[in-house]
Amino acid sequence: MEKQSARQQSAGQHWEVTYLDTECGRVRTEGFDDSTEAERFASRQVRDEHGWAMIDAVRPRQNRAAA
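All figures in this text were calculated on a predicted structure; none of them were measured in a lab. (Residues numbered from 1 in each chain as written. Predicted model: local features only at pLDDT ≥ 70, side-chain atom pairs only at ≥ 80, totals over all residues. Heavy atoms only, no water.)

Focus on the sheet that holds strand β3 (residues 53–58)
Strand order in the open sheet made by the three strands is β2-β1-β3, with antiparallel pairing throughout. For this open sheet the edge positions go to β2 (26–32) and β3, each flanked by a neighbour on one side alone. Averaged over all adjacent pairs, the angle separating strand axes in this sheet is 20°, with direction ignored. With seven bridges connecting them, strand β1 (residues 14–21) and β2 associate as antiparallel partners. Each residue of the ladder has a partner; that of Asp 21, found in β2, is Arg 26. Against the sheet, helix α2 (residues 35–45) engages β1, β2 and β3, with an angle of about 5° to β1. (Pairing = 2+ DSSP bridges. Helix = DSSP H or I, 4+ residues; strand = E, 2+ residues; numbered from the N terminus. Axes fitted to C-alpha atoms, helices over the stretch in contact; angles between N-to-C directions. Contact = heavy atoms within 4.5 Å.)

Take it as geometry only, folks, not as evidence of what the structure does.
Structure (structure tokens):
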């Protein structure tokens, strides 16, 4: 399990949780450095049948060198 966690947390990678804030009816996004924390947060956002959350792994873009 530790090996998988190390692979998931490559340099510069972070996770974004997009979720429906059922209190105000808006879609919001929160960023996390750790996949486990992102999963916990997402789970807390699904409180009722209307709640939902998605977790996306975001890798940093590589800059292109000028030609």
